[in-house]
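A closer look at the structure
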Amino acid sequence: MSHENRQQKRAEIRAMFKSNVRRRLWVDKIMVGAVVVCALVAIIPLVWILGTAVYSGLPALSWAFLTEEPGAVGAGLISIGPAIQGTIILIGLSSILGLPVGILGGIYLAEFGGGGWLARQIRFFMDVFIQVPSIVLGIFAFLAVVLILGHFSVWAGGFALSLIMFPIVARATEEAIRMVPWTYREAGAALGLSKMAITLRIVLSQAKKGIITGVLLSVSRVGGETAPLIMTVVGSSVFFEDMDTPMDALPLRIWRFSLQPYDEARIAGWGAAFTLLLIIFAIHLGVRYFFMQEHGGKGLRGVLHLGRKVR
Amino acid sequence: MPKRWIQRDEKPRRWLLSERIFKYATAAAGAYVLAVILVMALQLGFESAPIWEEEGAEFIFGTDWNSVPGRESYGALPYVLGTLITSALALALGFPLSIGIAMLVMIMPKRLGRPLGYLVDLIEAVPSVVFGLWGLFVFRLYFRDYVEKPLHDTFGDSIYLFGGTPFGLDILTASIILAIMIIPTISSISREVMSAVPQQQKEAAYMLGSTTFEMFRMAIFPYSKAGLLGAAMLGLGRAVGETMAVTMLIGNATGANAMVSSLFDAGQTMPSIIANEFLEASPVGLHTPALIGIGLILLGVGLSINVAAHFLVGRMVKVNEGPVH
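How each quantity is defined
Residues numbered from 1 in each chain as written. Chains lettered and ligands numbered in written order. Predicted model: local features only at pLDDT ≥ 70, side-chain atom pairs only at ≥ 80, totals over all residues. Helix = DSSP H or I, 4+ residues; strand = E, 2+ residues; numbered from the N terminus. Rg over C-alpha atoms; globule rule 2.2 N^0.38 Å. Buried ≥ 20, exposed ≤ 12 C-beta atoms within 10 Å, placed from the backbone. Axes fitted to C-alpha atoms, helices over the stretch in contact; angles between N-to-C directions. Left-handed = near helix turned anticlockwise from the far one by under 90°. Contact = placed C-beta atoms within 7 Å. Nonpolar A, V, L, I, M, F, W, Y, C, P; charged D, E, K, R; others polar. Domains from an automatic or database assignment. Core = buried A, V, L, I, M, F, W, Y, C linked by C-beta atoms within 7 Å. Parallel < 35°, antiparallel > 145°, perpendicular 65-115°, else oblique.

1. Considerations on the overall build of chain B
- When helices and strands are tallied, chain B shows twelve helices and two strands.
- Secondary structure elements in chain B, listed N-terminal to C-terminal, are α-α-α-β-β-α-α-α-α-α-α-α-α-α.
- Taking 2.2 N^0.38 as the reference for a compact globule, 325 residues should give roughly 20 Å; the C-alpha atoms of chain B span a radius of gyration of 25 Å, well beyond that estimate.
- By the burial criterion, 51% of the 325 residues in chain B qualify as buried.

And the structure:
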């Protein structure tokens, strides 16, 4: 090949490469732009919802709105006192029913089960169970509690919510316990402690933060659940009387408001939604602020969406 | 680590007993989930038995839905189809967006990417009923006026999908809200799956001179295919089980009316029919068993989607060394 030929060839290739690079860089830029648009499209609804909740919900708030019983629509008094009280009671009851099971189950997965057959099955089915449609859990609570007791009750609602809670707590507990260094357990063993004492006194106290984070996040999830409450606590318009009667809850109340064709109800609905969002976001942001920095956020986020540490 | 730390002859036996009790108590707490799933499936099966005896396969393939005593007839097909169609639409809309967000979080500097990821995760914290409220009172009105009506006016006669009456309470609105709701699930899992791609793969792609997008196409997507599919299926599972937002937005047609014919038709999904009718169902007739039967179908669909997704995601995250297969 002659010298000129080679030069020419080189120029050709360079030109081709340049045009090719230009095209590829354009494609890259367009894709980056598209990706940014994706993020905006997803963030806009969130901002829009929060904005509407503040804008329409804030004017509805007043002391009477938050603490009194709802009167008849049109009477000028719509309040969500019983709903707030009911949500707090439901969160407490589902915690009482769900947390011991969840925490003990997490201890089993981390300390005793290891990679054995039973532990693998439990882990797998917990991950699957976290995703079971919550309304099916509501039907189950209806069949297992309401039909047997013979009436709608707070118990049934608490039971349904505890079913949502315990697998989340169990997986969070497992992850938190796994982060406790092995040497701590060895130190306990060197002191002659039993396995139970080591687990309860040393490991759990070290894993405290992670467990509390998981518990609070599961509480925030449970606080917003509506579907399983429809057929268990049903809703009511008076304050809590006893465990065997229907009760109100914030999400249920929001749903009821949305079914009414009055402007008042719409405004009250946003007021209730604002209150609910305030509770849930306070838990979320609080957890993130106080606990998540040390844990890097990663392990727990994995737990909430699904345990990803498949062994 | 020795199995038994306390020698039998040094310590009293009751220590060992309490140890054993503790161990079995934790194991029982762990196995609780297995028991719950088993009992739940059995109980839903037993309680819905009358409807299976009465209708047989007609319960799944029928379209009648009549709860008037004496003329009772139940067919769940419209609701099964409604669920599948809304979820599929939501996935079709939400999946590309979620992948885009996951990509953006990966290519952004960490200081910006982390907060963005957290912001997207916050969408998941918004309760379903608040999404429904927003959809019903705010989003629907804009969507009806600025999207549905123009589409209907332009294409309503020629394209079958855009027929019907644009009212805002329809399959398309419900699907869009569902799409927003499943974005955090899909994007956070696909982010994890894509981060599990070994660094060498990315570096090799960059070394060949690829741009960022080409790196994704050459190194990350082929490697995380199975995991991304799993993320999509988890999103699908979430969409299938979503109740309140859909109930408030889908328009709640029943029976043959709920058969999907256009995007702008009112429909009904399995969770929404349960939420709407469970309390009104009379305990003597077949209405309650029919709704429980729908719950059973829903449980089956949800479980199978999630089991499949877990196998895909689990396999992906476990294998994070070696070449692309």
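Resuming the write-up.
2. Observations concerning the packing of helix α3 (residues 81–113) of chain A against helix α6 (residues 154–178) of chain A
- Across the interface, α3(A) lies against α6(A) with an axial gap of 6 Å and an inter-helix angle of 35 degrees. Where α3(A) crosses over α6(A), the handedness of that crossing is right-handed.

3. Topic: the interface of chain B and chain A
- Counting residues at the interface gives 81 residues for chain B and 74 residues for chain A.
- Top element by residues in the side of chain B that touches chain A is helix α1 (residues 13–47) of chain B. It accounts for 20 residues.
- When the residues that make up the side of chain B that touches chain A are grouped by side-chain class, the tally is 54 nonpolar, 19 polar and eight charged.

4. Quick notes on the environment of A:Ala207
- Along the polypeptide, A:Ala207 turns up in the loop between α8 (195–206) and α9 (208–223).
- Once you skip the residues sitting within four places of it in the chain, A:Ala207 turns out to touch A:Ala176, A:Ile177, A:Met179 and A:Val180.

5. Regarding the domain arrangement of chain A
Residue and element names in this part refer to chain A.
- Partitioning chain A into domains gives domain 1 (3–60) and domain 2 (63–305).
- Relative placement of domain 1 and domain 2: their C-alpha centres are 41 Å apart.
- Contacts between the two partners involve seven residues from domain 1, matched on the other side by eight residues from domain 2.
- A per-class count over the side of domain 1 that touches domain 2 returns four nonpolar, three polar and no charged.

6. Some words on the nonpolar core
- In terms of nonpolar packing, the biggest core is built from 178 residues, with A:Ile139, A:Ala273, B:Ile101, B:Val130, B:Ile183 and B:Ile294 touching the most fellow members.
- Counting contributing residues, this core receives three or more from each of domain 1 (3–60) and domain 2 (63–305) of chain A.
- In contact with B:Ile183, other than residues within four places in its own chain, are A:Ala42, B:Gly94, B:Leu97, B:Ser98, B:Ile101, B:Val120 and B:Ile123.

7. Structural notes on helix α11 (residues 250–259) of chain A
- In terms of burial, α11(A) is largely enclosed, as eight of its ten residues are buried.
- Residues of α11(A) that are buried: A:Leu250, A:Pro251, A:Leu252, A:Arg253, A:Ile254, A:Trp255, A:Phe257 and A:Ser258.

8. As for the packing of α3(A) against α9(A)
Residues and elements named next belong to chain A.
- Close contact between α3 and α9 brings their axes to 10 Å; oriented N to C, the two are set at 135 degrees. In this view, α3 runs oblique relative to α9, as classed from their interaxial angle. Where α3 crosses over α9, the two elements pack in a sense that is right-handed. Contacts between α3 and α9 pair Thr87, Ile91, Ser94, Ser95, Leu99 and Ile103 from the former with Ile211, Val215, Val219, Val222 and Gly223 from the latter.

9. Digging into unusual backbone geometry
- The residue A:Val234 is not glycine, and still its phi comes out positive at about 65 degrees.
- For A:Val234, the position within the fold is in the loop between α10 (227–230) and α11.
- The phi torsion at B:Asn252 lies on the positive side, around 55 degrees, for a residue other than glycine.
- Assignment of secondary structure puts B:Asn252 in the loop between α10 (244–249) and α11 (270–277).

10. Observations regarding the environment of B:Ala309
Residues and elements named next belong to chain B.
- Within the element layout of this structure, Ala309 appears in helix α12 (residues 287–318).
- For Ala309, a count of 25 C-beta atoms within 10 Å translates into the label buried.
- Placed 81 residues apart in sequence, Ala309 and Leu228 show a C-alpha to C-alpha distance of 9.5 Å.

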